[in-house]
Amino acid sequence: MGLLDRFRRVAAGRGRVSRGRSPEAAYLADWVRTHTGVEGFVEPKTTVTDVTVVLVAADGEWTRRIVGERGARRLARDLRIPVYDVGKTGYPQRMRDYDARRRIERKHALERELGED
């Protein structure tokens, strides 16, 4: 038994998701299950990160995870959602609108917090 075998065995018993899915795949599946109108937008590999996917819900809430090239192809099949190439389609307006609403909410919360002092 090599040193790496010991680590693999520990990792396999801890944090593993059923049916051999990675924690990232399980997170994405759960996110799709708990949000409505989800679409995926695949971002190309860069010098800093591998291929990533941005999941965007109907209300504009979004999440990003690294999926790798093969993972991006499997994503649409496994999650049964539409997946687009962000280089061709761009990001949806609802995603930008969601971010703008969050910025305004944070600004108002900070103003209320400073006003209470």
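The structure this text deals with has already been given above.
Residues numbered from 1 in each chain as written. Predicted model: local features only at pLDDT ≥ 70, side-chain atom pairs only at ≥ 80, totals over all residues. Heavy atoms only, no water.

Student: What's the story with the packing of aromatic side chains in this structure? I'm lost.
Tutor: Each aromatic ring pair is specified by the distance between its two centres and by the angle formed by the two planes. In this structure the tally under the stated criterion is 1 aromatic pair. Judged by centre distance (5.5 Å) and plane angle (40 degrees), the ring pair of Phe 41 and Tyr 84 falls under tilted. You can see Phe 41 sitting in strand E1 (residues 39-43) and its partner Tyr 84 sitting in strand E4 (residues 83-85), a full 43 residues away along the chain. Of the residues examined, Tyr 84 reaches a relative accessible area of 31% and is grouped as partly exposed. Over the ring of Tyr 27 we find Arg 65; its NZ or CZ atom is 3.9 Å from the centre of that ring. (Phe/Tyr/Trp six-rings, centres within 6.5 Å; stacked < 30°, edge-to-face > 60°. Helix = DSSP H or I, 4+ residues; strand = E, 2+ residues; numbered from the N terminus. Buried < 20%, exposed > 50% of the residue type's maximum accessible area, 1.4 Å probe, protein only. Lys NZ or Arg CZ within 6 Å of the ring centre and 35° of its normal.)

Student: Teacher, can you tell me more about the environment of Val 67 here?
Tutor: Within the secondary structure, Val 67 is located in the loop between strand E3 (62-66) and helix H3 (68-79). For the pair Val 67 and Glu 24, spaced 43 residues apart in sequence, the C-alpha separation works out to 7.6 Å. In this structure, Val 67 is in contact with Leu 28, Val 51, Thr 52, Val 53 and Ala 72, ignoring residues within four places of it in sequence. (Contact = heavy atoms within 4.5 Å.)

Student: Before we go on, may I ask you to explain the environment of Ala 25 in this structure?
Tutor: Its place among the elements puts Ala 25 in helix H2 (residues 23-34). Once the C-alpha coordinates of Ala 25 and Leu 79 are considered, the two residues, 54 residues apart in sequence, prove to be 9.4 Å apart.

Student: Can you walk me through the nonpolar core in this structure?
Tutor: Soluble globular proteins: nonpolar side chains tend toward being buried together. Grouped together as the largest cluster of nonpolar side chains are 15 residues, with contacts concentrated most on Leu 28, Val 38, Val 53, Leu 55 and Leu 79. Secondary-structure elements contributing two or more residues to this core are H2, strand E2 (52-56) and H3. Looking at which element gives the most residues to this core, the answer is H2, with 4 residues. In contact with Leu 79, other than residues within four places in its own chain, are Leu 28, Ala 29 and Val 32. In this structure, Val 54, Val 56, Val 86 and Met 95 belong to the second largest nonpolar core, which totals 5 residues. (Core = buried A, V, L, I, M, F, W, Y, C linked by side-chain atoms within 4.5 Å.)

Student: What's the story with the side chain of Thr 52 in this structure? I'm lost.
Tutor: Residue position: Thr 52 is located in strand E2. Reaching out from Thr 52, the side chain makes a polar contact with the side chain of Glu 43 at a distance of 2.4 Å. Ignoring anything within four residues of it in the chain, the contact list for Thr 52 reads Phe 41, Val 42, Glu 43, Arg 64, Arg 65, Ile 66 and Val 67. (Polar contact = N/O pair within 3.5 Å; in protein donor to acceptor, adjacent residues only side chain to side chain.)

Student: Any chance you could explain the pairing of E3 here in plain terms?
Tutor: Side-chain positions along a regular strand alternate between the two faces of the sheet. Where E2 and E3 come together, 5 bridges link them in antiparallel fashion. Counted as the bridge partner of Leu 55 is Thr 63 from E3. Joining the antiparallel neighbours E2 and E3 is a turn of 5 residues, in which Gly 60 adopts a positive phi near 100 degrees. (Pairing = 2+ DSSP bridges.)

Student: Would you mind showing me how to read H2 here?
Tutor: Given 3.6 residues per turn, any residue in an α-helix points the same way as the ones three and four places further on. If you check H2, its first and last C-alpha atoms are 16 Å apart, about what 12 residues at 1.5 Å a residue would give, namely 16 Å. All buried positions along H2 are accounted for by Ala 26, Leu 28, Ala 29, Trp 31 and Val 32. Tucked inside the fold, the buried residues of H2 contact E2, E3 and H3. (Expected span 1.5 Å × (residues − 1).)

So, to be careful, I would describe these as geometric facts and stop short of saying anything about function.
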